[in-house]
Amino acid sequence: MAVGPVAVVPHEWLPCWLQAQESEATGYTVSNFAELGRPADLADKLADMIMHAKCNPVSLRRLLARVGWLKASTRLAPSKRPQGRHGDFGEVLAIGLLQEFAEVHVPIVKLRVQMDSEQSLHGSDVVGFHWEEQGGDRRIVDLEFVEVKCRTTANKQQAATAHAQLVADRDLMFADTIEFIAGRLDELGQYDVLDAFESYLASREDDAGGHYRIVLIFDGEVWSGEELNQLPEEGELCAPLSVDVVLVEALRDLIDQTWAAVSPQLLSA
């Protein structure tokens, strides 16, 4: 059985913008991402990631071209709420980081089922698949449950809040997230991936288990360095836990520029 997850979000260019430095903290691993320099077309590249995360650009472009009275996609419109715009931006960037830097696959992107930009989806923000090669085939050896926080204003509790969400979902055995992923794989006809997913879950004794990750995307000006100190003590942490800290200059402006580039990106290609 050959398992071939399809990467939905383009991410290969990210090392041209961000560089990661890994360090060990008590009870978890931290990866600090810093900007190397900004590509001239950074907003366009990020807009392309959002577009692919939220839709199939080819089919949506065809629909808009053929149905003249459909002027634009409601799914690709930015949320009216800053929290919504920032949240979707952060989730898409986190998927790219997982795939490019951690080599964790994300075959199902929740934003694909978001009916409009104001809809909030339940469950883990992102679920990554860890694969292992076996004679040309691949099987799932672990899952990674990810919470993402994207902040342009100071908030020292964001790491702790993200961890509390992981704990709450873990206590419910990630049931809603697991059912959602299985349903989407079935609808998309990704039967090899679905079989591998079910085989992994069946091999677990009593829950999905897996790795846990918190992705914190902050404006560099509002990051205090004390945010990680608010996480629980080692014995109370979800484990194994990874924390990605991404510091971006003028993050709010970059998010606004990215969303401004989404619709032109769709209609011009």
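Residues numbered from 1 in each chain as written. Predicted model: local features only at pLDDT ≥ 70, side-chain atom pairs only at ≥ 80, totals over all residues. Heavy atoms only, no water.

### Considerations on the nonpolar core
Put simply, the test is: Buried Ala, Val, Leu, Ile, Met, Phe, Trp, Tyr and Cys residues form a nonpolar core when they are joined through side-chain atoms within 4.5 Å. A 1.4 Å probe rolled over the protein chains alone gives each residue an accessible area, and that area as a share of the maximum for its type sets the label: buried under 20%, exposed over 50%, partly exposed in between. To qualify as a helix, a DSSP run of H or I must reach at least 4 residues; to qualify as a strand, a run of E must reach at least 2; elements of each kind are numbered from the N terminus. Note on definitions: a residue-residue contact is assigned when non-hydrogen atoms from the two residues lie within 4.5 Å.
With 42 residues, the main nonpolar core has Trp17, Leu46, Phe89, Leu93, Leu97 and Ile217 as its most contacted residues. Going through the elements one at a time, helix 1 (42-54), helix 2 (57-66), helix 3 (82-101), strand 4 (137-151), strand 5 (211-219), strand 6 (241-248) and helix 7 (251-268) are the ones with two or more residues in this core. Apart from the residues within four sequence positions on either side, Phe89 is in contact with Leu46, Ile50, Cys150, Leu251, Leu254, Ile255, Thr258 and Trp259. Core analysis: the second largest hydrophobic core is formed by 35 residues, Leu143, Tyr212, Cys238 and Val245 among them.

### Considerations on helix 4 (residues 158-171)
An α-helical turn contains 3.6 residues, so a residue and the one three or four places further along point in the same direction. Rules: Expected span, for any helix, means 1.5 Å times one less than how many residues it has.
Relative to the 20 Å expected for 14 residues at 1.5 Å per residue, helix 4 spans 20 Å between its end C-alpha atoms, a close match to the ideal helical length. Gln158, Ala159, Ala160, Ala162, His163, Leu166 and Asp169 are the residues of helix 4 that are buried. On its buried face, helix 4 sits against strand 4, strand 5 and strand 6.

### Here's the deal with the pattern of salt bridges
Between side chains of opposite charge, a pair can form when the charged atoms approach closely. The condition that has to hold: The rule for a salt bridge is simple: a side-chain nitrogen of Lys or Arg has to be within 4 Å of a carboxyl oxygen of Asp or Glu.
This structure, assessed with the given rule, holds 9 salt bridges. Between Glu144 and Arg213 there is a salt bridge whose closest N-O contact spans 2.2 Å. Here Arg213 lies in strand 5 and Glu144 lies in strand 4, a separation of 69 residues in the sequence. As far as the burial class goes, Glu144 and Arg213 line up, both buried. Between Asp171 and Arg170 there is a salt bridge, and its shortest N-O distance comes to 3.7 Å. According to the relative accessible area criterion, Asp171 is exposed, its value standing at 54%. We classify Arg170 as partly exposed; its relative accessible area is 31%. Several salt bridges share partner residues, and in doing so they unite Glu144, Arg213 and Asp244 into one network.

### Points about the packing of aromatic side chains
Put simply, the test is: The rule is short: rings of Phe, Tyr and Trp, with Trp giving its six-membered ring, pair when the centres are within 6.5 Å, and they are stacked under 30 degrees, edge-to-face over 60, tilted in between.
Under the definition given, this model contains 8 aromatic pairs. Summarising the aromatic geometry, the rings of Phe33 and Phe101 are spaced 5.0 Å apart at their centres and angled 80 degrees between planes, so their arrangement reads as edge-to-face. Of this pair, Phe33 sits in strand 2 (residues 28-35) while Phe101 sits in helix 3; the two residues are 68 residues apart in sequence, bridging distant segments of the chain. Among the residues examined, Phe33 registers a relative accessible area of 4% and is labelled buried. Classification of Phe101 by relative accessible area gives partly exposed; the value is 30%. Ring pairs connect the aromatic residues Phe129, Trp131 and Phe197, which therefore count as one cluster.

### Comments concerning the side chain of Ser73
Stated precisely, the cut-off is as follows: In protein, a polar contact requires one atom able to donate a hydrogen and another able to accept it; more generally it is a pair of N or O atoms within 3.5 Å, and residues adjacent in sequence count only if both atoms are side-chain atoms.
The residue Ser73 is located in the loop between helix 2 and helix 3 in this model. A polar atom in the side chain of Ser73 sits 3.2 Å from the backbone nitrogen of Leu76. If sequence neighbours within four positions are ignored, Ser73 has contacts with Leu60 and Leu64.

### Some points on the confidence of the model for the protein
As a note on interpretation, predicted positions should not be read in detail where pLDDT is low. This is how the line gets drawn: The quantity called pLDDT is the predictor's confidence in a given residue, expressed from 0 to 100.
Looking at the protein as a whole, the pLDDT averages 90, with 95% of positions reaching at least 70. Mean pLDDT across the secondary structure elements of the protein bottoms out at helix 7, with 82, and peaks at strand 5, with 98. Note on residues 1-7: pLDDT under 50 across the span, and 24 contacts to partners over four residues away in sequence or across chains.

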